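Residue-level structural notes
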Amino acid sequence: MGLIIGILMFMGLVLIHELWHFIAAKKSGVKVLEFGIGIPPKIFKLRTDKTGTEYTLNLIPLWWFVRLKGEDPKHEEEFNAKDSFIKANIGGKFLILVAWVAANFLAAWIIFTFVFTAGTKPISLVSENMTTTPIESYLMPTKSFLYQKGFISEANKKTIENVPVKVFEVVSGGLGEQLGIQSGDIIKSINTVSINAWNIEQVLKDNIGWDISLYYTRNGVSREVKWICESESCLLGIAFMYSGFDEKSLADLEWTLIKFPFVPAMGIALKEIKAQTQLTFHALGSLGKNLFSFDKTKINWALNKLSWPVGAVKFGDMLLESGGWKQFLAFAGLISLALAIFNILPIPALDGGRLLSVIIQWIWKLQPEKYFTIEWFINLFFFVLLMGLGIYIIFKDLIRFWGVKIPFIG
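Calculation rules
- Residues numbered from 1 in each chain as written.
- Predicted model: local features only at pLDDT ≥ 70, side-chain atom pairs only at ≥ 80, totals over all residues.
- Heavy atoms only, no water.
- Core = buried A, V, L, I, M, F, W, Y, C linked by side-chain atoms within 4.5 Å.
- Buried < 20%, exposed > 50% of the residue type's maximum accessible area, 1.4 Å probe, protein only.
- Helix = DSSP H or I, 4+ residues; strand = E, 2+ residues; numbered from the N terminus.
- Contact = heavy atoms within 4.5 Å.
- Axes fitted to C-alpha atoms, helices over the stretch in contact; angles between N-to-C directions.
- Parallel < 35°, antiparallel > 145°, perpendicular 65-115°, else oblique.
- Left-handed = near helix turned anticlockwise from the far one by under 90°.
- Nonpolar A, V, L, I, M, F, W, Y, C, P; charged D, E, K, R; others polar.
- Expected span 1.5 Å × (residues − 1).
- Salt bridge = Lys/Arg side-chain N within 4 Å of Asp/Glu carboxyl O.
- Polar contact = N/O pair within 3.5 Å; in protein donor to acceptor, adjacent residues only side chain to side chain.

Here the focus is the nonpolar core. Ranked by internal contacts, the top residues of the largest apolar core, which has 59 residues, are Leu68, Phe112, Phe116, Tyr138, Phe260 and Phe331. The biggest single contributor to this core is helix 12 (residues 325–343), with 10 residues. In this structure, Leu68 is in contact with Ala25, Val30, Lys31, Val32, Leu33, Phe85 and Ile96, ignoring residues within four places of it in sequence.

Put into structure tokens, the structure is as follows:
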């Protein structure tokens, strides 16, 4: 049931996004050729409305899409028609491509306001040194922020500080795998320094170039591995998942619900949107830096951190089971916000990239027919690239979360 609810939640949020494209196109006089459920290839056509829009069902039921008239310059008749996207004025194009952002932000704001009014616990805690600038998030806070705001006591703060590093995943080909570390291992110390979820990264950095002794336990049995970390970043290549409510050692903690009266909750929700936007761009920057580092371990680590949309559904299911419906709703707000932020990025094939192209044509008075032909090939290349990455992530998530055996992948 949790998985079904998670899928419906994800599909509903994507529907908000695509439905705006659909409505905005109709209002701007641009014909919608297809409104699709799922990712192509098409299985069959459901119906055709009086304006000629086809409603289709596609193979992978985790998305929606809108196909507008005049988006393919190879079809010259459609491309040059009065009701094509390319012939719409700048205001209409802007409305179709970007105004949906307001819908996704509005959905996140309404959800956050409701959750903060009803009272919730954080979805997860983040490291104190995640960013150089303080981020005041209530849904993904640091322990210091929660303590400062009075949502945890001094005793609970100290307990949280000592949460052990329990390995959730080991990156294929990484240092952790070479050292024999496995999922479920608990890292205890590095060179006699006690390790917890907050200090492991700094301790590894402090020991670059030195002999390192790492002590961990597996099924209650103590083990030791030794190596010299010569890499500048000293990546161990492990993932450890910490949510303040998943660890058994924290099960009995007394947490004060994050709860505000309705009107202040509206303001707190806006602050949460700002904080989550900062966290998202920080994560994107870190991800991009690793992906383009030309370091195999860093690239594998970055790819393994990507999770969308199967991972989002699975994480939502876990939240619903362990944290309850309020945390699940808060997570839905985060997904809505992520959809807005990701799609507004100025990357070809995404709405932000297409908007940038429209602005370039408008400012320099370029002939849309000629410029759009070049843009179409650029968008096609990035669309295939993003779809390939998306399919890869889906397969990796199926392997990671459900143990599905997929030939040549896992």
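Once you've had a look at it, read on.
Right, let's get into the packing of helix 4 (residues 100–118) against helix 12. At a minimum axis separation of 8 Å, helix 4 and helix 12 run at an interaxial angle of 160 degrees. Overall, the two elements helix 4 and helix 12 adopt an arrangement that is roughly antiparallel. Of the two possible hands of crossing, helix 4 and helix 12 adopt the one that is left-handed. Taken together, the residues of helix 12 that come into contact with helix 4 (itself represented by Trp100, Val101, Asn104, Phe105, Ala107, Ala108, Ile111, Phe112, Phe114, Val115 and Ala118) are Trp325, Lys326, Leu329, Ala330, Ala332, Gly333, Leu334, Ser336, Leu337, Leu339, Ala340 and Asn343. A per-class count over the contact of helix 4 with helix 12 returns 18 nonpolar, 4 polar and 1 charged.

This part covers helix 9 (residues 262–291). With 30 residues, helix 9 ought to run about 44 Å at 1.5 Å a step, and its terminal C-alpha atoms sit 42 Å apart, in line with that. Along helix 9, the residues that are buried comprise Ala265, Ile268, Ala269, Glu272, Ile273, Ala275, Gln276, Thr277, Leu279, Leu287 and Asn290.

Any two side chains of opposite charge can pair if their charged atoms end up close together. Inspection of the entire model under this criterion finds 8 salt bridges. Residue Arg67 pairs with Glu34 through a salt bridge whose shortest N-O separation is 3.1 Å. Of this pair, Arg67 sits in strand 2 (residues 54–68) while Glu34 sits in strand 1 (residues 32–48), and the two are 33 residues apart along the sequence. According to the relative accessible area criterion, Glu34 is buried, its value standing at 7%. A salt bridge links Glu224 to Lys226, with the nearest nitrogen and oxygen atoms 3.9 Å apart. Looking at Glu224, the relative accessible area reads 38%, which means it is partly exposed.

Attention now moves to the side chain of Asn199. Within the secondary structure, Asn199 sits in the loop between strand 6 (193–194) and helix 8 (200–206). Separated by 3.0 Å, the side chain of Asn199 and the backbone oxygen of Ser194 make a polar contact. Within the structure, the side chain of Asn199 is placed 2.8 Å from the backbone nitrogen of Asn196, a separation counted as a polar contact. Asn199 has contacts with Val193 and Ser194, leaving out every residue within four places of it along the chain.

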